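So the chains spell out like this:
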There are 2 protein chains.
Amino acid sequence: MRQAVEAIDLTQRRVQVRSMETGHTVQQPFDALLIAAGAVPICPPVEGITAAGIYTVNTLQQGVDLRDTLDRHPIKRVVVVGAGAIGLEMAENLVARGVDVSMVDLAPQVLPPLDPDMATRVAQALEALGVHLYLNEGLQGFDTQNGHVTAVITPQRALPADLVILGLGVRPNATLAADAGLALGEKGAILVDERMQASHEGIWAAGDCVTSRHVVSGRPVYVALGTVANKQGRIAGLNIAGEHATFPGVAGTAITKVHRTEIARTGLQTTDFARLGLDAVSVTIQGTTRARYYPGVEEMTVKLFAEKGSGRILGGQIVGGTGAAKRIDVIVAALFARMTADQFVNLDLAYAPPFSPTWDPLLIAARALLKRV
Amino acid sequence: MRQAVEAIDLTQRRVQVRSMETGHTVQQPFDALLIAAGAVPICPPVEGITAAGIYTVNTLQQGVDLRDTLDRHPIKRVVVVGAGAIGLEMAENLVARGVDVSMVDLAPQVLPPLDPDMATRVAQALEALGVHLYLNEGLQGFDTQNGHVTAVITPQRALPADLVILGLGVRPNATLAADAGLALGEKGAILVDERMQASHEGIWAAGDCVTSRHVVSGRPVYVALGTVANKQGRIAGLNIAGEHATFPGVAGTAITKVHRTEIARTGLQTTDFARLGLDAVSVTIQGTTRARYYPGVEEMTVKLFAEKGSGRILGGQIVGGTGAAKRIDVIVAALFARMTADQFVNLDLAYAPPFSPTWDPLLIAARALLKRV
């Protein structure tokens with residue numbers, strides 16, 4: 001039976017639940033409440049936004065619907081609005097289906113969680129795949145015909161489109177929580193403590209609807225990712241069940257790919273440092289995924305950040321061939337452990353020619369960084 | 001000009017150097033001496049060991065010679081003595097050349113740095129490749145004909161061989177150091193401090209000829225690996241140049257593969273715990289390299305160890321498909337940072353379907369381990 005919660009009463013400790021079949025509402029008392037309401041895709045209120053043929057891909061069902069549409073209709077031209085991870089993944093898979101793909105974004109680069117020099121490598125991979133990339137171009141609206149989208153309008157051009165995909169990110173689904181009087185934090189997400197408890201005793205929240213703490217900066221951040229949501233759900237569940245569990249926070253780790261180019265990042269990046277008052281240095285090095293003489297070796301680029309003086313690792317970014325991106329996890333562990341570049345450089349990372357050069361590219365980056373901290 | 005050091009005089013601070021061309025020797029004074037003499041392959045003094053057709057693969061040139069022999073002669077049957085990493089790599093590449101390969105080892109399992117349950121998976125991969133595996137069978141000697149090897153003899157059988165490869169490990173090349181009066185440690189390797197200085201001021205040593213400290217146990221160990229040697233060389237060089245650099249030690253990290261099966265390990269394992277007086281627990285979990293629904297997903301098995309009570313991670317082992325083994329590096333970082341399973345389980349490791357399930361297999365292992373520590 002499908003039901004929707006319509007209101008949360010923090011004083012009476014009950015929720016108002018409406019049955020989607022019968023329309024009846026009941027008051028459901030609770031001892032503890034977990035809010036796991038997720039996020040909703042951002043849909044800017046521009047002209048034509050409600051036209052048919054404009055898709056978001058936030059749920060599995062939306063993905064299935066989109067694929068069905070592509071299977072059943074002669075879709076030749078798709079415009080992807082937004083050059084984030086979702087936009088990139090959609091573009092890659094549309095190209096694989098033989099569709100002509102254009103991508104527009106107001107930002108001057110793809111993937112803002114990367115530094116511009118690293119993002120340029122990703123843009124090159126997209127263009128090599130045949131994606132037409134229009135950066136520095138904001139979405140102004142849509143042309144429509146008979147209620148169906150026909151073009152995406154930017155200040156510079158009208159891009160003809162049989163179908164449009166919006167990949168403009170998500171915002172926390174925190175309306176009910178806000179209406180109930182729970183405190184909100186970063187980007188309007190539900191404010192929770194390290195046990196995942198909201199501003200009222202016995203009200204818990206986890207996943208794409210809550211704020212997180214950044215393990216490097218210590219500041220609140222909003223991160224909507226399945227892997228973070230899962231970890232937070234586990235912590236909330238343990239606490240509701242009477243244990244004492246804490247969530248240490250997120251590092252902003254992300255990984256994706258464009259065809260054969262792997263991309264990953266974690267921690268802070270150049271745009272963060274001034275805002276946080278951190279004096280940071282960085283290096284960007286060229287390495288290889290395997291020993292240079294080993295079959296299948298590919299290039300990989302590593303950018304690594306550390307705090308000047310202390311040498312503490314602050315973040316990292318990787319763009320490269322097969323096997324490059326998942327190496328980011330070593331930097332993640334270093335961030336959680338507050339490791340310095342000096343400690344990092346001697347890590348006994350695995351080496352054999354099919355897997356790594358004698359000095360793993362991460363260690364080469366740490367060595368280069370040591371000369372600057 | 002090829003030269004060989006014949007003796008080290010610690011009192012006079014000079015080495016005796018013989019020219020390999022002229023046979024003349026000179027006394028070469030030094031301010032600082034770095035011994036980087038490497039290791040030599042273990043060749044047991046059994047009957048027939050000096051016969052032609054018995055190869056070790058310790059140097060690049062030995063590898064080239066071996067390949068030339070395989071190119072030029074009708075080699076049909078090769079016996080590999082020793083089921084360690086070198087033996088496995090040789091077996092894989094010989095099979096790829098169409099050679100019939102048998103492998104013998106005195107141990108009851110392949111790859112002793114793995115626990116038996118994990119080693120069994122590797123043995124299966126070897127057998128799937130067509131390698132005939134004879135475990136619990138020590139090398140007794142060789143049959144020869146006209147000075148050339150014709151069979152490998154074990155207590156159980158005679159294995160016909162056109163060529164034999166010895167992969168019985170290495171021992172430190174520390175003869176000169178011992179003769180000079182330098183202290184030796186684990187397995188007869190040159191004893192060095194954390195700056196890579198030997199037992200005499202101004203005498204430094206690094207690489208396959210020295211002892212290392214295990215970062216988990218704190219005990220001396222002997223590890224002969226290129227990546228460790230490189231790191232130690234860097235530390236010795238920095239110190240000789242007047243800086244103060246220290247080498248934190250090794251975790252015993254190793255990585256290899258058998259055809260499409262990747263294998264990695266780090267830290268301590270079951271056989272270590274009783275000896276070290278550690279109360280340890282372990283879990284072995286089945287995971288996948290990618291999201292289960294994503295094309296190219298493969299199985300991977302993770303074994304993880306922690307200390308009972310403290311929960312401190314003590315080591316890990318991985319056997320699995322493409323992308324499985326290099327994940328060991330996250331465990332390496334955890335070992336160097338003395339991380340507990342409780343800290344490890346919340347690491348913000350990278351997730352996207354082409355790279356990982358929502359919970360990375362390493363985190364699934366840590367979760368399972370938490371129930372036992």
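Student: What should I look at first to understand the overall build of chain A in this one?
Tutor: From N to C terminus, chain A includes nine helices and 22 strands. Computed over its C-alpha atoms, the radius of gyration of chain A comes to 23 Å, within 12% of the 21 Å expected for a compact globule of 373 residues. Based on the C-alpha atoms only, the size of chain A along its principal axes is roughly 70 × 55 × 35 Å. Counting every position in chain A, which comprises 373 residues, the buried fraction comes to 46%.

Student: Would you explain the relation of the copies chain B and chain A in this entry?
Tutor: Superposing the two chain copies requires a rotation about an axis and a translation along that axis. Overlaying chain B on chain A yields an RMSD of 0.0 Å, the required transformation being a rotation through 180 degrees with an accompanying axial translation of 0.0 Å. The superposition operator between the copies reduces to a two-fold rotation axis. Residues of chain B ranked by C-alpha distance from the rotation axis are headed by Val330 of chain B, positioned 2.4 Å from it.

Student: Sorry if this is basic, but what is going on with the sheet that holds strand S1 (residues 3-9) of chain B here?
Tutor: The strands that make up a sheet are held in pairs by hydrogen bonds between backbone atoms, and each pair lies either parallel or antiparallel. Residue and element names in this part refer to chain B. If you walk across this open sheet you meet the three strands as S1-S2-S3, and the pairing is antiparallel. Looking at strand neighbours, the two that pair on one side only are S1 and strand S3 (25-29), the edges of this open sheet. Strand-to-strand twist of the sheet, defined as the mean angle between neighbouring strand axes without regard to direction, takes the value 30 degrees. The sheet contact formed by strand S2 (residues 14-19) and S3 spans five bridges and is antiparallel. Its bridge partner lying in S3, Val17 is registered against Val26.

Student: Sorry, what's going on with the interface of chain B and chain A here?
Tutor: Interfaces are frequently sized by the accessible area removed from exposure as the parts join. Each partner contributes to the interface: chain B provides 41 residues, whereas chain A provides 41 residues. By residue number, the principal contributor to the side of chain B that touches chain A is helix H7 (residues 328-336) of chain B, which donates seven residues. Residues of the side of chain B that touches chain A, tallied by class, amount to 26 nonpolar, nine polar and six charged.

Student: Whenever I open this one, H7 of chain B confuses me. Can you help?
Tutor: One full turn of an α-helix is made of 3.6 residues, so residues set three or four places apart face in the same direction. Residues and elements named next belong to chain B. Among the nine residues in H7, nine count as buried, and that is most of the element. Among the residues of H7, those classed as buried are Ile328, Asp329, Val330, Ile331, Val332, Ala333, Ala334, Leu335 and Phe336. Phi for Arg338, located one or two positions after H7, is positive at around 55 degrees.

Student: Just checking my understanding: could you explain unusual backbone geometry for this structure?
Tutor: Backbone phi values are negative for most residues with the exception of glycine, while trans is the configuration of most peptide bonds. Of note in this structure, Lys187 of chain A is not a glycine but carries a positive phi near 55 degrees. Mapped onto the elements, Lys187 of chain A comes out in the loop between helix H4 (175-180) and strand S15 (203-205). Even without being glycine, Asn136 of chain B reaches a positive phi, approximately 60 degrees. In this fold, Asn136 of chain B is placed in the loop between strand S9 (132-135) and strand S10 (141-145). Judged by local crowding, Asn136 of chain B falls into the partly exposed class, with 13 C-beta atoms found within 10 Å.

Student: What should I look at first to understand the packing of helix H7 (residues 328-336) of chain A against H7 of chain B in this one?
Tutor: In a packed pair of helices, the relevant descriptors are the angle between the two axes and the axis-to-axis distance. Close contact between H7 of chain A and H7 of chain B brings their axes to 8 Å; oriented N to C, the two are set at 20 degrees. It follows from the interaxial angle that H7 of chain A and H7 of chain B lie roughly parallel. In the crossing of H7 of chain A with H7 of chain B, the sense of the turn from one axis to the other is right-handed. For the pair formed by H7 of chain A and H7 of chain B, the contact residues are Asp329, Val330, Ala333 and Ala334 of chain A on the first element and Asp329, Val330, Ala333 and Ala334 of chain B on the second. A breakdown of the residues in the contact of H7 of chain A with H7 of chain B according to their chemical character gives six nonpolar, no polar and two charged.

Student: Hey, could you run me through the pairing of S3 of chain B in this one?
Tutor: Every regular strand shows the same layout, with side chains that alternate between the two sheet faces. Taking burial as the measure, the five residues of S3 of chain B include zero buried ones, a minor fraction of the element. In this structure, the hairpin formed by S2 of chain B and S3 of chain B is closed by a connection of five residues, where Gly23 of chain B is found at a positive phi of approximately 80 degrees.

Student: I keep staring at the domain arrangement of chain A and nothing clicks. Help me out?
Tutor: All names here are of chain A. Domain annotation of chain A identifies domain 1 (3-34 + 177-240), domain 2 (41-168) and domain 3 (260-370). Spacing between the C-alpha centres of domain 2 and domain 3 amounts to 31 Å. Tallied by class, residues from the side of domain 2 that touches domain 3 come to six nonpolar, no polar and three charged.

Student: Even after reading the chapter, I still don't get the sheet that holds strand S10 (residues 141-145) of chain A, so can you show me in this structure?
Tutor: All names here are of chain A. The strand order across the open sheet formed by three strands is S10-S11-S12, and the pairing between neighbours is antiparallel. Because the sheet does not close on itself, it has two edges, and the strands there are S10 and strand S12 (158-160). Going from strand to strand, the sheet's axes swing by 35 degrees on average, the running direction of each strand aside. Bridge count for S10 against strand S11 (residues 148-153) is five bridges, and the pairing is antiparallel. Paired with Thr144 across the strands is Val149, a residue of S11.

Student: Mind showing me how you'd approach the environment of Ala350 of chain B here?
Tutor: Structurally, Ala350 of chain B is set in the loop between helix H8 (341-344) and helix H9 (361-370). Taking the C-alpha atoms as reference, Ala350 of chain B lies 41 Å from Thr56 of chain B; in sequence the two are 294 residues apart. Residues within four places of Ala350 of chain B in sequence aside, it is in contact with Thr253, Ala254, Ile255, Ala264, Ala325, Lys326, Ile328 and Asp329 of chain A together with Phe355 and Ser356 of chain B.

Student: What's the story with the pairing of strand S8 (residues 100-105) of chain B in this structure? I'm lost.
Tutor: All names here are of chain B. Among the six residues that make up S8, five are buried, leaving the element largely enclosed by the rest of the structure. Taken together, the five bridges between strand S7 (residues 77-81) and S8 define a ladder with parallel strand orientation. When the bridges of S8 are listed, Val78 appears paired with Val101. For the crossover that starts at S7, traverses helix H2 (residues 85-96) and ends in the parallel S8, the hand is right-handed. Bridging between S8 and S9 involves four bridges; their strand directions are parallel. Residue pairing in the sheet places Met103 in a bridge with Leu133 of S9. With helix H3 (residues 116-128) bridging S8 and the parallel S9, this β-α-β connection has right-handed handedness.

Student: Explanation requested: the environment of Gly87 of chain A in the structure shown.
Tutor: Residues and elements named next belong to chain A. By the element assignment, Gly87 lies in helix H2 (residues 85-96). A C-alpha to C-alpha distance of 10 Å links Gly87 and Ser102, two positions 15 residues apart in sequence. If near-sequence neighbours (up to four positions away) are discounted, Gly87 is found in contact with Val80, Gly82, Met103 and Gly167.

Student: Would you mind going over the nonpolar core with me for this structure?
Tutor: Residues Val164 of chain A together with Val164 of chain B are the most contacted members of the largest nonpolar core, which totals 235 residues. With near-sequence residues (within four places) excluded, Val164 of chain B lies in contact with Gly53, Ile54, Tyr55, Val79, Val81, Phe142, Val149 and Val152 of chain B.

Student: I keep staring at the confidence of the model for chain A and nothing clicks. Help me out?
Tutor: Detailed reading of the predicted coordinates is not advisable wherever pLDDT is low. Across chain A, the average pLDDT comes to 97, with 100% of residues at 70 or higher. The ipTM assigned to the predicted complex is 0.96, against a pTM of 0.96.

Student: Would you mind showing me how to read the environment of Gln27 of chain A here?
Tutor: All names here are of chain A. Inspection of the secondary structure puts Gln27 in strand S3 (residues 25-29). For Gln27, a count of 11 C-beta atoms within 10 Å puts it in the exposed group. Contacts of Gln27, omitting those with residues within four sequence positions, involve Arg14 and Gln16.

Scoring rules and cut-offs
- Residues numbered from 1 in each chain as written.
- Chains lettered and ligands numbered in written order.
- Predicted model: local features only at pLDDT ≥ 70, side-chain atom pairs only at ≥ 80, totals over all residues.
- Helix = DSSP H or I, 4+ residues; strand = E, 2+ residues; numbered from the N terminus.
- Rg over C-alpha atoms; globule rule 2.2 N^0.38 Å.
- Buried ≥ 20, exposed ≤ 12 C-beta atoms within 10 Å, placed from the backbone.
- Least-squares fit on C-alpha atoms with pLDDT ≥ 70 in both.
- Pairing = 2+ DSSP bridges.
- Axes fitted to C-alpha atoms, helices over the stretch in contact; angles between N-to-C directions.
- Contact = placed C-beta atoms within 7 Å.
- Nonpolar A, V, L, I, M, F, W, Y, C, P; charged D, E, K, R; others polar.
- Parallel < 35°, antiparallel > 145°, perpendicular 65-115°, else oblique.
- Left-handed = near helix turned anticlockwise from the far one by under 90°.
- Domains from an automatic or database assignment.
- Right-handed = clockwise from strand over helix to strand, strands pointing away.
- Core = buried A, V, L, I, M, F, W, Y, C linked by C-beta atoms within 7 Å.
- pLDDT = per-residue confidence, 0-100.

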